[in-house]
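The primary structure of each chain is shown beneath.
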Amino acid sequence: SQKIEQNSEALNIQEGKTATLTCNYTNYSPAYLQWYRQDPGRGPVFLLLIRENEKEKRKERLKVTFDTTLKQSLFHITASQPADSATYLCALDSGAGGSYIPTFGRGTSLIVHP
Amino acid sequence: KAGVTQTPRYLIKTRGQQVTLSCSPISGHRSVSWYQQTPGQGLQFLFEYFSETQRNKGNFPGRFSGRQFSNSRSEMNVSTLELGDSALYLCASSFTTAGEGDEQFFGPGTRLTVL
């Protein structure tokens, strides 16, 4: 089955800088990969989806890249703000044979300092 | 449009008891997925229901079961509770099946504590 690795250490950056979070997976390339934001005590909120035939996707200050050779996705937040502080999860499908088993990484905590 | 609602929000049970959690998806959504989130294991997929049928299932024991009603509302049941079942249980709804990559909308979760 797929394993997802996200940096377990919190990422601390200054306001205005670009935050870059990494998601690595171990086995076959999934059809798509998703990024979610989770605040303490709340359910995850969907941010972006990128499909295997897409190299990059943007949405406002967010950018996601997907490198199937490296088995890696990078998630960027430009011009970061303290309100961006949260845990960011990546998720992909690790099912086989037509089944769908969404697998989430453990998440990386982002702390943006004013 | 109302979001995904889950009831109850908090629950305390003792070992050996059973529990039923409820999830009301966003109006028009036909898929409901259930997840367990713990500090040790992170967010783990339990199962997905679409149009009253279980479509996919994660790697959890048979003590965890669910069902979906014709109005897309879903319930999850855990029988013979164990201490390790203490977790935040989240449900998520989407318009099509979650396997299509459709955006999932998560509820606030039910915090279950097993004593």
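None of the values given here were measured: they were computed from a predicted structure. (Residues numbered from 1 in each chain as written. Chains lettered and ligands numbered in written order. Predicted model: local features only at pLDDT ≥ 70, side-chain atom pairs only at ≥ 80, totals over all residues. Heavy atoms only, no water.)

S.K.: Where do I start with the state of the cysteines in this structure?
M.R.: What we call a disulfide is simply a covalent bond connecting the sulfur atoms of a pair of cysteines. Residues and elements named next belong to chain A. Within the structure shown, the criterion is met by two disulfides over all chains. At a sulfur-sulfur separation of 2.0 Å, the disulfide partner of C23 is C90. The sign of the S-S torsion, about 65°, decides the handedness of the disulfide formed by C23 and C90: right-handed. Taken as a pair, C23 in strand β3 (residues 19-25) and C90 in strand β9 (residues 86-93) lie far apart in primary sequence, 67 residues in all. A single burial state applies to C23 and to C90, both of which are buried. (Disulfide = S-S within 2.5 Å. Helix = DSSP H or I, 4+ residues; strand = E, 2+ residues; numbered from the N terminus. Buried < 20%, exposed > 50% of the residue type's maximum accessible area, 1.4 Å probe, protein only.)

S.K.: How should I be thinking about the packing of aromatic side chains in this particular structure?
M.R.: How two aromatic rings sit relative to each other is set out by the distance from centre to centre and by the angle between their planes. Under the defined criterion, the tally for this structure stands at twelve aromatic pairs over all chains. A centroid spacing of 6.2 Å and a plane angle of 70° characterise the contact between Y25(A) and F66(A), whose relative ring orientation is edge-to-face. A residue pair is termed long-range when its members are at least 10 positions apart, and Y25(A) in strand β3 and F66(A) in strand β7 (residues 62-67) qualify at 41 residues. Relative to F106(B), the ring of Y35(B) lies with its centre 5.3 Å away and its plane at 45°, an arrangement referred to as tilted. One end of the pair, Y35(B), is in strand β4 (residues 31-38); the other, F106(B), is in strand β10 (residues 105-106), and 71 residues separate them in sequence. One aromatic cluster is present, formed by Y36(A), F46(A), F104(A), Y35(B), F45(B) and F106(B) through successive ring pairs. (Phe/Tyr/Trp six-rings, centres within 6.5 Å; stacked < 30°, edge-to-face > 60°.)

S.K.: Please explain the side chain of S33(B) as it appears in this structure.
M.R.: Residues and elements named next belong to chain B. Relative to the helices and strands, S33 resides in strand β4. The class for S33 is buried, based on a relative accessible area of 0%. In this structure, S33 is in contact with F45, F47, E48, L90, C91, A92, A98 and Q104, ignoring residues within four places of it in sequence. (Contact = heavy atoms within 4.5 Å.)

S.K.: Any chance you could explain the environment of S86(B) here in plain terms?
M.R.: Residues and elements named next belong to chain B. Relative to the helices and strands, S86 resides in the loop between β8 (74-78) and β9 (87-94). Residue S86 is classed as partly exposed on the basis of its relative accessible area, which comes to 27%. In this structure the C-alpha to C-alpha distance between S86 and T38, which are 48 residues apart in sequence, comes to 7.8 Å. When near neighbours in sequence (up to four residues on either side) are disregarded, S86 contacts T38, L112, T113 and V114. At a separation of 3.1 Å, a polar atom in the side chain of S86 contacts the main-chain carbonyl oxygen of L83. (Polar contact = N/O pair within 3.5 Å; in protein donor to acceptor, adjacent residues only side chain to side chain.)

S.K.: Explain the pattern of salt bridges here, please?
M.R.: Tallied over the full model, the rule gives eight salt bridges over all chains. Residue R58(A) pairs with E56(A) through a salt bridge whose shortest N-O separation is 2.9 Å. According to the relative accessible area criterion, R58(A) is exposed, its value standing at 59%. Under the relative-accessibility criterion, E56(A) is labelled partly exposed at 39%. Across the pair D84(A) and R61(A) runs a salt bridge, and its minimum N-O distance is 2.9 Å. Of the two residues, D84(A) is situated in the loop between β8 (72-77) and β9 and R61(A) in the loop between β6 (56-59) and β7; the sequence distance between them amounts to 23 residues. Overall, the relative accessible area of 7% leaves D84(A) in the buried class. The structure contains a network of salt bridges with shared partners spanning R63(B), E82(B) and D85(B). (Salt bridge = Lys/Arg side-chain N within 4 Å of Asp/Glu carboxyl O.)

None of this, on its own, says anything about what the molecule does.
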